[in-house]
Amino acid sequence: MANAKKSNTRRTFIQRSAIAGAAFLTTPSELLWGATNSNQKNEIDMTKNIKTKGYAAKDASGKLSPWEFERRPVGDDDILIDIKYASICHSDIHQEKGHWGEQVYPQVPGHEIVGVVAAVGKNVTKFKVGDRAGVGCMVDSCMECSSCKAGEEHFCDNGATKFTYGYPTDAEPTGITQGGYSDKLVVRDHFAVHIPNNITFEEAAPLLCAGITTYSPLMRAQFRVGDKVGVAGIGGLGHLAVKIAVAKGAEVYAFTTSEDKVADIKSWGVKEVIVVDEEFKNMQAYGKTLDYMISTIPYQFNVTPYVMCLKPGGTFTFVGMPEKSEITINNLMLAFARVNFNASLIGGIPETQEVVNYCADNGIRPSIEIINAEEINTAWDKVVNKEARYRYVIDAATF
């Protein structure tokens, strides 16, 4: 009897195991393979528009409010990202207020976007469902010209660069690209970067614009360890410029008009903090001192005193984008200074991946404050009033 009972028990176990195994084998491929099969099926209907919730500007008032809209279906070369966080850039404010030209509304801003891949098109090999992904300032280009092939997609020779929000396109149901202050994003896979596991989503988000915008010109400057590097304007971009330059071995001089930021800036390892007075008198002591300077100031200001801090042959790079995209400089003084003067935009996709990896691996983290969607308008006011410390990051779960 004991052997018969044991035999029945074993038979029951085998039968149950077989049933469980059959169920496993008939499970949809996305469950069977998890995130290991790049050709897995998606639970998303790839033929339908993607219903999306976000916050949009409805006019040039600079006030945002909730808005539900649709994004295009996930195409063969697209990925769908479930957004986790999106951070606030001063450019968002300039654009939605119409400072850079007339806009189409409703418009969802945001180009510092991170989240999880929820679906992939059939041609996509760069990502798989479940991957951590980020999107910055652009979402498409021709991909065929010399600039695009060289990883400079933002300078597309054919003028086909599509920026992340407010850019006209027939592909989107709203007629324009819509940004990251939302819960979902459909984007061509090439224009997303991988977010490493050794950095949090919320800390990675600002790297997609503020990080690359400062990292790219700093790397082009090719300064050496110990060179004197100035950073003008210590806000969302400037504070990352300081941290990156320090990490690269520069002797950093930070120029700010906000005295209450001095303690923060010193904690990042700078050589000196200069609180700029209204008449620029205290900057005279730094004449012909710096090898390089990057300015992130997003307002109209007198550039000349900053340029005069550079050694002859030094370089001044402008990355801040003022309201009227114009700057004031004394041309005669520039000639006497013998300084190289240029401006920089953002950076291409390969370099964007580079800065994300570099910051993740070297412990460079933006200083952030996480907010809910309903706090966006208040945060915008604080950015304008120089009260941000130093990047507001929106929790997309609150849209």
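Counting restarts for each chain: residues are numbered from 1 in the order of the written sequence. It should be noted that, the model being predicted, local features are given only for residues of pLDDT at least 70 and side-chain atom pairs only at 80 or more, the latter also being counted only at that level, while totals for whole chains, interfaces and linings use all residues. Only hydrogens and water are removed before side-chain values are computed, so all heavy atoms of the structure are retained for them.

Novice: Which residues make up the overall build of the protein chain, and what values do they have?
Specialist: Secondary structure elements follow DSSP: runs of H or I of four or more residues count as helices, runs of E of two or more count as strands, with numbering from the N terminus. Counting secondary structure elements, the protein chain contains 12 helices and 17 strands. Only protein chains enter the area calculation, which uses a 1.4 Å probe; residues under 20% of their type maximum are buried, those over 50% are exposed, and those in between are partly exposed. Across the 399 residues of the protein chain, 51% fall into the buried class. Long-range contacts, defined here as pairs at least 24 residues apart, represent 68% of the contacts in the protein chain between residues at least 6 apart. Surface summary for the protein chain: the accessible area is close to 18200 Å², and the carbon and sulfur share equals 50%. Contacts are assigned to residue pairs with any non-hydrogen atoms lying within 4.5 Å of each other. In these tables, accessible area is a Shrake-Rupley quantity obtained with a 1.4 Å probe, and a residue counts as shielded only by the protein chains included in the view.

Novice: Just give me the short version of the environment of Asn 340, but keep the residues and values in it.
Specialist: Inspection of the secondary structure assignment puts Asn 340 in strand S15 (residues 340–343). Relative accessible area serves as the criterion here: at 43%, Asn 340 is assigned to the partly exposed category. As for Asn 340 and Tyr 292, which are separated by 48 residues in sequence, their C-alpha atoms are 9.5 Å apart. What Asn 340 contacts, discounting residues up to four positions off in sequence, is Gly 313, Gly 314, Thr 315 and Phe 316.

Novice: Run through the pattern of salt bridges, naming residues and quoting values.
Specialist: One speaks of a salt bridge when a side-chain nitrogen belonging to Lys or Arg is within 4 Å of a carboxyl oxygen belonging to Asp or Glu. Considering all chains together, one arrives at 16 salt bridges under this definition. Of the charged contacts, one joins Arg 72 and Asp 78 as a salt bridge, the two residues approaching to 3.1 Å between their closest N and O atoms. For Arg 72, a relative accessible area of 17% translates into the label buried. A relative accessible area of 8% means that Asp 78 is categorised as buried.

Novice: So what's going on with the side chain of Asp 78? Residues and values would help.
Specialist: Tracing the backbone through its elements, the reader meets Asp 78 in strand S3 (residues 78–87). Any pair of nitrogen or oxygen atoms within 3.5 Å is treated as a polar contact; in protein, a donor-acceptor pairing is required on top of that, and neighbouring residues in sequence qualify only through side-chain atoms on both sides. A distance of 3.1 Å separates polar atoms of two side chains, one belonging to Asp 78 and the other to Arg 72. Excluding its chain neighbours within four sequence positions, the residues that come into contact with Asp 78 are Arg 72, Pro 73, Ala 119, Val 120, Gly 121, Val 124, Val 186, Val 187, Arg 188 and Asp 189.

Novice: How would you explain the sheet that holds S15 if you had to name every residue and give the values?
Specialist: Backbone-to-backbone hydrogen bonds join strands into a sheet, with any given pair of strands oriented parallel or antiparallel. Pairing between strands is defined by DSSP: at least two bridges between the two strands are required. Pairing is parallel across the open sheet formed by six strands, whose spatial order is S12-S11-S10-S13-S14-S15. A single partner strand is all that each edge strand has here, and the edge strands are strand S12 (272–275) and S15. Averaged over all pairs of adjacent strands, the angle between their axes in this sheet comes to 15°, without regard to strand direction. Looking at chain direction, strand S10 (residues 228–232) and strand S11 (residues 251–256) are connected through five bridges and run parallel. Looking at the pairing, Val 229 lines up with Val 252 of S11. Interaxial angle, 0 to 180 degrees, is taken between N-to-C directions of lines fitted to C-alpha atoms, where a helix line uses only the stretch in contact.

Novice: Which residues make up the nonpolar core, and what values go with them?
Specialist: We define a nonpolar core as any set of buried Ala, Val, Leu, Ile, Met, Phe, Trp, Tyr and Cys residues linked to one another through side-chain atoms lying within 4.5 Å. Ile 79, Ile 88, Tyr 181, Ile 195 and Ile 376 are the most contacted members of the largest nonpolar core, which totals 86 residues. For the domain bounds, the source is a domain assignment made automatically or taken from a database. Looking at which domains feed residues into this core, each of domain 1 (50–209 + 349–398) and domain 2 (211–343) supplies at least three. Not counting residues up to four positions away in its chain, the partners in contact with Ile 79 are Val 74, Val 117, Ala 119, Val 120, Val 124, Phe 127, Leu 185, Val 186, Val 187, Asp 189 and Ala 192. Core analysis: the next-biggest nonpolar cluster, separate from the first, contains 21 residues, Val 303, Phe 318, Leu 334 and Val 339 among them.

Novice: How would you sum up helix H11 (residues 349–361)? Please name residues and give values.
Specialist: Along an α-helix, residues three or four apart share an orientation, since each turn contains 3.6 residues. An ideal rise of 1.5 Å per residue puts 18 Å on 13 residues; H11 measures up with 18 Å between its terminal C-alpha atoms. Within the span of H11, buried status applies to Ile 349, Glu 351, Thr 352, Gln 353, Val 355, Val 356, Tyr 358, Cys 359 and Ala 360. Along its buried surface, H11 packs onto strand S6 (138–140), strand S9 (192–194), helix H6 (210–221) and helix H7 (236–247). Directly beyond the C-terminal end of H11, a positive phi value near 70° is found at Gly 363. Expected helix span is taken as 1.5 Å per residue step, with the number of steps being one fewer than the number of residues.

Novice: Give a detailed account of the pairing of strand S16 (residues 368–371), specifying residues and quantitative values.
Specialist: Within a regular strand, the side chains alternate between the two sheet faces. Where S16 and strand S17 (residues 391–395) come together, four bridges link them in parallel fashion. Note on S17: the bridge partner recorded for Ile 368 is Arg 391.

Novice: Outline empty space enclosed by the protein, supporting the account with residue identities and numerical values.
Specialist: In this analysis a 1.4 Å probe is tested at points of a 1 Å grid over the protein atoms alone, and where it fits but cannot get out there is a cavity; an open set with protein on both sides within 12 Å along at least five of seven lines is a pocket; lining residues have an atom within 4 Å of a point. Grid points are joined across faces, edges and corners, and a volume is the space filled by probe spheres set on the points. Counted under the stated rule, the structure contains two cavities of 30 Å³ or more. Roughly 80 Å³ of volume is contained in the largest cavity. Around the largest cavity sit Gly 136, Cys 137, Met 138, Phe 191, Val 193, Leu 208, Ile 212, Ile 346, Gly 347, Gly 348, Ile 349 and Thr 352, which together line it. Of the residues assigned to the lining of the largest cavity, the class counts are eight nonpolar, four polar and no charged. Of the voids in this model, the second largest cavity is the one considered here, and its volume is about 50 Å³. As for the second largest cavity, its lining consists of Arg 71, Arg 72, Val 139, Thr 164, Glu 172, Thr 177, Gln 178, Leu 185 and Val 186. Along the lines of polarity and charge, the residues of the lining of the second largest cavity split into three nonpolar, three polar and three charged. Just so you know the grouping, Ala, Val, Leu, Ile, Met, Phe, Trp, Tyr, Cys and Pro go in nonpolar, Asp, Glu, Lys and Arg go in charged, and all remaining residues, Gly too, go in polar.

Novice: Outline the packing of H6 against H7, listing residues and values.
Specialist: The interhelical angle for the contact between H6 and H7, taken along N-to-C directions, is 50°, at an axis separation of 9 Å. In terms of orientation, H6 and H7 fall into the oblique class. The way H6 lies across H7 gives a crossing that is right-handed. For the pair H6 and H7, contact is made by Ala 210, Gly 211, Thr 213, Thr 214, Tyr 215 and Leu 218 and by Gly 236, Leu 237, Leu 240, Ala 241, Ile 244 and Ala 245, respectively. Its residues assigned to classes, the contact of H6 with H7 comprises eight nonpolar, four polar and no charged. Here roughly perpendicular refers to angles of 65 to 115 degrees, roughly parallel to angles under 35, roughly antiparallel to angles over 145, and oblique to all remaining angles. When the near helix sits turned anticlockwise from the far one by under a right angle, the crossing is termed left-handed; a clockwise turn instead gives a right-handed crossing.

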